[in-house]
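# Examination of the molecular architecture
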Amino acid sequence: MSSVTPVPSWFRFDEESVVGAARRYAVEVAQALQLSERKVADLAIVVTELGTNLIKHATEGVLLVRPVREVDNAGLEVVSVDAGPGIADLTRFHRDGHTTAGSLGIGLGAVARLADRYDVYSTPGRGTVLIAQMWQQQKDPPSAWAEGLTRPMTGEHVTGDGYAIRREGNRSQVLVCDGLGHGPLAAAATQAALHIFGSAPMENPAALVNRLHRGLSHTRGAALLVAQIDPDEALIRVCGLGNIAGTILNGHERRGVVSMPGIAGHGKATIREFEYPCTPHSLLVAHSDGVSDKWSLDGYPGLESRSPLLIAATVLRDAGVRRDDACVLAARTHP
């Protein structure tokens, strides 16, 4: 099974009219995905509550709305990210009826109850990341072993960065890609890479990067990194070309992975695969150069053990730069 990230739609909450725009867009997408009328109505409440709270209380508040899919199910995901004051007591905010000034008065408790999947992480003084999903079929969403986010640079409507995830048996693979430059041509290069990756056999990372290098020759090219997680061998195998950063976290130990110089699709490339030991509790974080490599999970108690999407969103918020497209992916080594 292969899963490729859809194009995300970000909303920046710098004025109240954005709340209505985000709600209308979310409802349109949900209806296109054939969610039930009740779920569409619930989604409208969730987006309105989250957007209103971002306007009233957050700093640099943004909301991502994007479709999500499983083999036999489809849904819509909302990711709320801010750099505001944070929430010291999430338990109090999850009580039904608790509200913040200017919101609908339903509180995060009702948001959590309405969503099929709900997750939140908040650090006082640094901000909050919240995830809510609504699915066609009412069932427990699968536990995600790898998730990511992309964001276009300021002024662009499409991003040249992307990621893909797939699993076969006990082996898992991820791809992070940064199309050269910005805009539609960069996006086209990345989409070509995602298609090649998704349709290729489950071969080792070096073979995949060779395949990608050949297959991207008709595009402007890309920087990319392929990682394969082999839990039975306690190894992560990595092969990269260009400026994609990868870091393996083992508790307090942090180790960067090697990506060779070059541009996939153009020129001669030295393609080498590297092996790194891992444990069942290791975490791989990979990102494009739209994210500073100075990020750290120190100072975020318990975040490393939370969902990959909460981790990726926090890294993107705190280390992403606005002058470039950005992509962050977090993957667990023991799905």
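Below or above, wherever it landed, is the structure these notes cover. No experiment lies behind these values; they were computed from the predicted model shown. (Residues numbered from 1 in each chain as written. Predicted model: local features only at pLDDT ≥ 70, side-chain atom pairs only at ≥ 80, totals over all residues. Heavy atoms only, no water.)

### Some words on helix α6 (residues 205–215)
One full turn of an α-helix is made of 3.6 residues, so residues set three or four places apart face in the same direction. So the rule is basically this: Only protein chains enter the accessibility calculation, which uses a 1.4 Å probe; a residue is then buried when its area is under 20% of its type maximum, exposed when over 50%, and partly exposed in between. We count a stretch as a helix when DSSP gives it H or I for four or more residues in a row; a strand needs E for two or more, and each element gets its number in order from the N terminus. As used here, the arc belongs to the directions running from the helix axis to the C-beta atoms. Two residues form a contact once any of their heavy atoms are found within 4.5 Å. By the criterion applied in these results, polar contacts are pairs of N or O atoms within 3.5 Å in which, for protein atoms, one can donate a hydrogen and the other can accept it, and in which residues neighboring in sequence qualify only through two side-chain atoms.
For α6, the set of buried residues is P205, A206, L208, V209, L212 and H213. Each buried residue of α6 sits inside an arc of 160° when the element is viewed along its axis, so together they form one side. Those residues of α6 that are buried lie in contact with β8 (161–168), β9 (171–179), α5 (183–199), β10 (222–230) and β11 (235–241). Among the residues of α6, the N-terminal cap falls to N204, whose side-chain oxygen and the backbone nitrogen of A206 are separated by 3.2 Å.

### Some words on the environment of R332
Of note, R332 is situated in strand β16 (residues 326–332). With relative accessibility at 18%, the residue R332 sits in the buried group. Through-space distance from the C-alpha of R332 to that of S307 is 9.2 Å; in sequence the pair is 25 residues apart. When neighbours within four sequence positions are excluded, R332 is seen to be in contact with W145, I229, S282, L283, E304, S305, R306, S307, P308 and I311.

### Observations concerning unusual backbone geometry
Non-glycine residue E60 carries a positive phi angle of around 55°. Summarising the element assignment, E60 is placed in the loop between α2 (37–57) and β3 (62–70). The exposed category is assigned to E60, whose relative accessible area is 59%.

### Looking at the sheet that holds β16
Quick reminder of the rule: Strands were regarded as paired on the criterion that DSSP finds at least two bridges between them. The axes used here are C-alpha line fits, helices contributing only the stretch in contact, and every angle between their N-to-C directions lies in the interval 0 to 180 degrees.
With respect to topology, five strands assemble into an open sheet ordered β7-β16-β15-β12-β13, the strand pairing being antiparallel. Of all strands in the sheet, those with a lone pairing partner are β7 (146–151) and β13 (253–256), marking the two edges. The sheet shows a mean angle of 15° between the axes of neighbouring strands, taken without regard to direction. Both β7 and β16 contribute to a ladder of six bridges, which runs antiparallel. Note on β16: the bridge partner recorded for L149 is V328.

### Some thoughts on the nonpolar core
So the rule is basically this: Nonpolar cores are built from buried Ala, Val, Leu, Ile, Met, Phe, Trp, Tyr and Cys residues. Side-chain atoms within 4.5 Å join them into one set.
Counting residues in each nonpolar core, the largest one holds 44 residues, and the members touching the most others are V174, L216 and L224. The greatest single-element share of this core, amounting to seven residues, is contributed by β10. Those residues in contact with V174 that lie beyond four places of it in its chain are W145, A146, A164, I165, F197, L225, V226, A227, L284, L329 and A331.

### Some remarks on the packing of helix α1 (residues 17–32) against α2
Worth spelling out the cut-off: Angle categories are assigned with fixed cut-offs, so that under 35 degrees is roughly parallel, over 145 is roughly antiparallel, 65 to 115 is roughly perpendicular, and the rest are oblique. Left-handed describes a crossing whose near helix is turned anticlockwise from the far helix through less than a right angle; right-handed describes the clockwise counterpart.
In the contact formed by α1 and α2, the axes pass within 9 Å of each other and the chain directions differ by 155°. It follows that α1 is roughly antiparallel to α2 by the angle criterion. The element α1 and its partner α2 pack so that their crossing is right-handed. Within the contact between the two elements, α1 uses V19, A22, R23, A26, V27, A30 and Q31 and α2 uses V40, L43, A44, V47, T48, G51, T52 and I55.

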